[in-house]
Amino acid sequence: MSSPTVTVDRARLAALVEAERSTYTSSHPRSAALYAGAEHLFGRVPMTWMNMWSGGFPLYLDRAWGNRVVDVDGHEYVDLAMGDTGAMAGHSPRATVEAVTHRLAETGGITTMLPTEDAEWVGAELTRRFGLPLWSFTLTATDANRWAVRIARMVTGRPKVLTFAYCYHGSVDEAFAVPGPSGEAVARPGLVGAPVPLSETTRVAEFNDLAGVEERLRHGDVAAILTEPALTNIGIVLPEPGFHEGLRRLATEYGALLMIDETHTFSAGPGGATAAWGLGPDILVIGKSIGGGIPSGAYGLSRAVASAAMSHDDADLVDVGGVGGTLAGNALSVTAMRATLSDVLTEEAFARMIALATDFTAGVQQTLDRTGVPWSVTRLGARAEYRFVSPAPRTGSESAAAADDALDEYLHLFMANRGVLVTPFHNMALMCPDTSPDDVARHTALFAEAVDALVP
Ligand SMILES: Cc1ncc(COP(=O)(O)O)c(C=O)c1O
């Protein structure tokens, strides 16, 4: 076994990136040409994040089924990115496609501002899985977070949200904070167009730091602690033993609500980390995958929060009070959620996906142990992620400090040039119901090859 202090030679890394870039460019002429010709798109892409793709231009999608993606140059990939969780149910899952097609082509009525029978079924299923008794639907996790934060402010009469450094909850203004020099909330680097200074809306602590959380709560102005069960947007940062029990206790003690965002941590099991780890949120948010790719999201409320909200006679919950949206809860979205939850993201599917992610993680760890590169790999149910630091970070700030764009680009391009897609925003791999043991083995072999080329 090699020394655990092996370091990456940056000149060698730069040369490897160059070689992978050149292969990528020459083997994707059609994607390159479409990107070059996109004269009417802001940043040349339909949505600016698509420029996160490594190699200078994104792959253009031709088609995708299950865990396979085919680009416009005719290359087929094992997809481990799964639309950064939006496609955790697999691409175009059969049951969802059938239900949605029925609504689109047979019954009609995509969006009517009228409820359908499916909605109560989905609400009951979300209650069975996550425990919260009352649900409202959105089209994105961002919206679910935004609307639920408003409700939290209203029912507590407090102005601020407590978040964790380097969290991500969608484009929720309050959540883009990192701790400043004396612990106050300041905007994270690169934040676009903040409406007001973050210190006016937010208190920010480090994940896994209960003393820091308590200190922020002592001000008495926090409406809700908003957190993922584990941070998943700055690598995966797992909670330490006792952290969640502490959050629940402190929230109750200081009169704040506990708001859990399960959008990514749904990977932990059919009821997310909330069910897997016995969490007790007052509000729960979920989005992305529950509609099998059709825009869908939801927030769940405890009875206490719901009745406190309803008791505000002055609150306009049914029109333009800031909670709700014209297309939210539409018939297409709700039927997609019903089909996906009943037939695709089932308990059996999760058991298979989690077993595969366990194998994936063991495969990566084997290479880390054999080569001695000082990286770590962390798993959360059906997702896993490698990070360029060891041991695995315990806070968002520690994890942010381990970011390495050149290594990201190298690994993404190495994999893509050999038929495997890893999430462009991070080194995340997500299993879906269609992922097979052979797909995982393929990644394991490529990861070993990529690291061997880097530290020969
Ligand atoms: C934990 C979490 N919450 C919310 C969101 C926002 O999801 P969307 O962009 O679909 O609104 C994300 C997106 O990455 C997320 O990771």
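The sections below set out a description of the structure shown in this document. (Residues numbered from 1 in each chain as written. Predicted model: local features only at pLDDT ≥ 70, side-chain atom pairs only at ≥ 80, totals over all residues. Heavy atoms only, no water.)

**Looking at the nonpolar core**
Here is a general trend for soluble globular proteins: nonpolar side chains tend to be buried in one another's company. If you look at the biggest cluster of nonpolar residues, it comprises 61 residues, and the most contacted ones within it are F266, F360, W375, Y386, Y410 and M431. Ranked by the residues each element gives to this core, the list is headed by helix α11 (residues 347–371), at eight residues. In this view, Y410 contacts L13, L16, V17, E20, A450, A453 and L454; residues no more than four positions away in its chain are not counted. If you look at the next biggest cluster of nonpolar residues, it comprises 31 residues, including V178, L231, V237 and A251. (Core = buried A, V, L, I, M, F, W, Y, C linked by side-chain atoms within 4.5 Å. Buried < 20%, exposed > 50% of the residue type's maximum accessible area, 1.4 Å probe, protein only. Helix = DSSP H or I, 4+ residues; strand = E, 2+ residues; numbered from the N terminus. Contact = heavy atoms within 4.5 Å.)

**Quick word on the pairing of strand β5 (residues 160–164)**
Counting buried residues along β5, five of its five residues qualify, which places the element largely inside the surrounding structure. What you see with β5 is no split at all: K160, L162 and F164 on one side and V161 and T163 on the other are buried throughout. Bridge count between β5 and strand β9 (residues 222–227): three bridges; the pairing is parallel. Its bridge partner lying in β9, L162 is registered against I225. Pairing between β5 and strand β8 (residues 202–205): four bridges, direction parallel. For F164, the partnering residue across the bridge sits in β8 and is A205. (Pairing = 2+ DSSP bridges.)

**Some thoughts on the sheet that holds strand β4 (residues 134–138)**
Read across the sheet, seven strands follow the order β4-β12-β11-β10-β9-β5-β8 without closing on themselves; strand pairing throughout is mixed. The open sheet has two free edges, formed respectively by β4 and β8, since each of these has just one partner strand. Taken pair by pair, the neighbouring strands of this sheet meet at an average axis angle of 20°, ignoring direction. Two elements, β4 and strand β12 (residues 297–301), share five bridges in a ladder whose sense is antiparallel. Counted as the bridge partner of T138 is G297 from β12. Contacts between helix α7 (residues 243–253) and the sheet are confined to β5, β9 and β10 (257–261), with β10 contributing the most and set at about 140° to the helix. (Axes fitted to C-alpha atoms, helices over the stretch in contact; angles between N-to-C directions.)

**Focus on the packing of helix α4 (residues 118–130) against helix α10 (residues 331–344)**
It is the contact of α4 with α10, at a shortest axis distance of 9 Å, that shows an interaxial angle of 40°. In terms of their interaxial angle, α4 and α10 are classed as oblique. Judged by the sense of rotation from one axis to the other, the crossing of α4 with α10 is left-handed. Two secondary-structure elements touch here, α4 through D118, A119, W121, V122, E125, L126 and R129 and α10 through V334, T335, M337, R338, L341 and S342. Residues that form the contact of α4 with α10 fall into these classes: seven nonpolar, two polar and four charged. (Parallel < 35°, antiparallel > 145°, perpendicular 65-115°, else oblique. Left-handed = near helix turned anticlockwise from the far one by under 90°. Nonpolar A, V, L, I, M, F, W, Y, C, P; charged D, E, K, R; others polar.)

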